[in-house]
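# A structural walkthrough
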Amino acid sequence: MDRIYLDNAATTRIYDEVASEMFALSKEYYGNPSSSHSEGARAAALLSEARGIVAECLNCEEDEIFFTSGGTESDNWALYALSPAVKSDGKRRIAVSAVEHAAVLRAAEKYYENVDIIKCGSDGRVTVSAAEEAITPDTAAVSVMFANNETGALQPVDGIAGFCREKGIPFHTDAVQAVGRVPVDLQKLKVDMLSASAHKFHGPKGTGFLYVRGGRIAPLMVGGTQQNGKRAGTQDCIAAYGAALALRKSVKELIGTSDRVTVLRELAERGISRIEGAHIVCAGTERLPGILNVCFDGVQGESLAALLDIAGVAASSGPACRGKQSDPSRALTAMGIAPELARGELRISFSGFNTREETEYAVAAIERAVIKTRQIK
Ligand code: PLP
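Residues numbered from 1 in each chain as written. Predicted model: local features only at pLDDT ≥ 70, side-chain atom pairs only at ≥ 80, totals over all residues. Heavy atoms only, no water.

## Some points on the site of the ligand
- Around the ligand sit 13 residues, and of these Thr72, Asp174, Gln177, Ser197 and Lys200 come closest.
- The side chain of Asp174 places a nitrogen or oxygen atom 2.6 Å from a nitrogen atom of the ligand.
- Lys200 is positioned such that a nitrogen or oxygen atom in its side chain is 2.6 Å from an oxygen atom of the ligand.
- The protein chains hide 85% of the 390 Å² of surface that the ligand would expose on its own.
- Given that more than half its atoms are within 2 Å of the pocket grid, the ligand belongs to the second largest pocket.
- When its residues are assigned to classes, the shell around the ligand shows 2 nonpolar, 8 polar and 3 charged. (Near = heavy atom within 4 Å. Polar contact = N/O pair within 3.5 Å; in protein donor to acceptor, adjacent residues only side chain to side chain. Areas by Shrake-Rupley, 256 points an atom, 1.4 Å probe, with all protein chains shown as cover. 1 Å grid on protein atoms, 1.4 Å probe; cavity = no way out; pocket = protein on both sides within 12 Å on 5 of 7 lines; lining within 4 Å. Sits in = over half its atoms within 2 Å of the grid points. Nonpolar A, V, L, I, M, F, W, Y, C, P; charged D, E, K, R; others polar.)

## Focus: the environment of Ile275
- With respect to the helices and strands, the residue Ile275 is situated in the loop between helix H9 (254-273) and strand S9 (278-281).
- Distance from Ile275 to Ala364, taken between C-alpha atoms, is 9.8 Å for residues 89 residues apart in sequence.
- Apart from residues lying up to four places away in sequence, Ile275 is in contact with Phe296, Val363, Ile366, Glu367 and Val370. (Helix = DSSP H or I, 4+ residues; strand = E, 2+ residues; numbered from the N terminus. Contact = heavy atoms within 4.5 Å.)

## Considering the nonpolar core
- With 74 residues, the main nonpolar core has Val142, Val179 and Phe209 as its most contacted residues.
- Both of domain 1 (4-13 + 254-376) and domain 2 (16-252) provide at least three residues apiece to this core.
- Those residues in contact with Val142, other than ones at most four positions away along the chain, are Ile94, Ala95, Ile118, Ile135, Ile160, Cys164, Ile169, Pro170, Phe171 and His172.
- Of all hydrophobic cores here, the second largest spans 26 residues; its members include Leu6, Val261, Leu308 and Ala362. (Core = buried A, V, L, I, M, F, W, Y, C linked by side-chain atoms within 4.5 Å. Buried < 20%, exposed > 50% of the residue type's maximum accessible area, 1.4 Å probe, protein only. Domains from an automatic or database assignment.)

## As for the layout of surface pockets
- Considering only enclosed or pocket space, the largest pocket measures out at about 360 Å³ in volume.
- Residues of the lining of the largest pocket, tallied by class, amount to 10 nonpolar, 11 polar and 8 charged.
- Three or more residues apiece are contributed to the lining of the largest pocket by two domains, here domain 1 (4-13 + 254-376) and domain 2 (16-252).
- Space inside the second largest pocket adds up to approximately 300 Å³. (Points joined across faces, edges and corners; volume = space filled by probe spheres on them.)

## Some words on the pairing of strand S3 (residues 93-97)
- Burial analysis of S3 places 4 of its 5 residues in the buried class, the great majority of the element.
- One ladder, built from 5 bridges, connects S3 with strand S4 (residues 114-118); its direction is parallel. Its bridge partner being in S4, Val96 is matched across the sheet by Ile117.
- Where the polypeptide runs from S3 across helix H4 (residues 102-111) and back to S4, its parallel neighbour, the crossover connection is right-handed. (Pairing = 2+ DSSP bridges. Right-handed = clockwise from strand over helix to strand, strands pointing away.)

## Structural notes on the side chain of Ser316
- The residue Ser316 is located in the loop between strand S11 (313-314) and helix H11 (330-334) in this model.
- The exposure class assigned to Ser316 is buried, which follows from its relative accessible area of 8%.
- Those residues in contact with Ser316 that sit more than four places away from it in its chain are Asp7, Ala305, Glu345, Leu346 and Arg347.

## Some words on the packing of helix H1 (residues 16-28) against helix H8 (residues 237-252)
- At a minimum axis separation of 10 Å, H1 and H8 run at an interaxial angle of 155°. Put simply, H1 runs roughly antiparallel to H8. Of the two possible hands of crossing, H1 and H8 adopt the one that is right-handed. Touching Glu17, Val18, Glu21, Met22, Leu25 and Ser26 of H1 are Ile238, Ala239, Tyr241, Gly242, Leu245, Ala246 and Lys249, all from H8. (Axes fitted to C-alpha atoms, helices over the stretch in contact; angles between N-to-C directions. Parallel < 35°, antiparallel > 145°, perpendicular 65-115°, else oblique. Left-handed = near helix turned anticlockwise from the far one by under 90°.)

## As for the sheet that holds strand S2 (residues 65-68)
- Taken together, the 7 strands give an open sheet; going across it, the order is S2-S8-S7-S6-S5-S3-S4, and neighbouring strands pair in mixed fashion. Strands at the two margins of the open sheet, each flanked by one partner only, are S2 and S4. Strand-to-strand twist across the sheet, computed as the mean angle between neighbouring axes with direction ignored, equals 20°.
- The pairing of strand S7 (residues 193-197) with strand S8 (residues 208-212) spans 5 bridges and is classified as antiparallel. Opposite Ala196, over in S8, you have Phe209 as the bridge partner.
- Against the sheet, helix H3 (residues 71-81) makes contact with S2, S3, strand S5 (139-143), strand S6 (171-174), S7 and S8, and its axis sits at roughly 165° relative to S7, the strand it touches most.

## Quick notes on the packing of aromatic side chains
- Taken as a whole and assessed by the stated rule, the structure comprises 3 aromatic pairs.
- Between Phe66 and Trp77, the aromatic rings sit 5.6 Å apart at their centres with planes inclined by 70°, giving edge-to-face as the arrangement. Here Phe66, found in strand S2, pairs with Trp77, found in helix H3; they are 11 residues apart in sequence, far enough to count as distant.
- With a relative accessible area of 2%, Phe66 lands in the buried category.
- Assessed through its relative accessible area of 0%, Trp77 is described here as buried.
- The positively charged end of Arg13 is found above the aromatic ring belonging to Phe353, 3.9 Å away from the centroid. (Phe/Tyr/Trp six-rings, centres within 6.5 Å; stacked < 30°, edge-to-face > 60°. Lys NZ or Arg CZ within 6 Å of the ring centre and 35° of its normal.)

## What about H4?
- Every buried residue belonging to H4 is among Ala103, Val104, Leu105, Ala107, Ala108 and Tyr111, and all of these are buried.
- On its buried side, H4 packs onto H3, S3, S4, S5, S6 and H11.

## Brief notes about the sheet that holds strand S10 (residues 291-296)
- With antiparallel pairing, 3 strands are arranged side by side in an open sheet as S9-S10-S12. Each edge of the open sheet carries a strand with a single partner, namely S9 and strand S12 (345-349). Between one strand axis and the next, the sheet turns by 25° as a mean value, whatever way the strands run.
- Two elements, S9 and S10, share 4 bridges in a ladder whose sense is antiparallel. When the bridges of S10 are listed, Ile280 appears paired with Val294.

This is the structure:
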């Protein structure tokens, strides 16, 4: 059997048609979109088409979408723009969930005097009342992710955003794992800012966007006047267009993909839960369709992932961006999982490219790898 890729929370394979289209366009659309000649105008038109597609997919205005280098930049920009470095209302605190990605957590620590943590329950979710508890009169901004990258747990983003709106506190969500995988409608959702990244929905890497309600935001990147003077730097119109095409396809096929992927995740979950000492994380929690997280007693997740790699299965023992792999996952320990058990973490994550045969093979490979890892301990 060919290799089996089950690490779609880390990144996804680009759609063939998106890669081909980008390759073809890159030979023609080489102009700088800010140049006034015809080559520049063509590139600018492609960029504008890309922005239009993204806005249509998410039900927002075109001038509310800013292309960035990906999720990390979008998160950093959002948190910077709401911080005391930019705002002069004297508010110096931010509230973030206990399970945020490092891009939000590190930016919160960098740009705010205090970071208040919104506690999460053993189901991996925060609640609106936990958010209310973490908010103080000095809270400048709140950031809660849409869906967690390790467990897939969906957060009650709209409820917290609604509460923040009532209190007049700007609300940002890191929707990097959610966009293209679950419905996101920015007319209905009460968020002020939302981050997304194209490589999570079968688009190119190094490209994403930040949605800003009303389109007014202080720039993080300064220099030229690109993107309404909000984000300096020559824009990669091919990458933006590739991101837009991938988003359009993902959104169009979302329900079908979600149903198929859920079947695979449930199949894997049933098989894996029969393995001795397996603890399914967030079982029963409202989750993304494609993420399955499990902790095994008496196993190091990284050894397990290494054995699986040899067996032809790409999975991970936590997020790809985690520092020292021997550290237990921050998200899992925040849920009350003991560090020793959290070290036995394995995350498998599916996409529409995966099949039933691959899933069955992977479950059998996981069982063999768990037994072997315990023997060599
Ligand atoms: N936020 C979440 C929830 C993620 O899963 C990731 C990537 O793994 C990021 C942010 C960072 O996105 P990017 O890799 O596009 O910088």
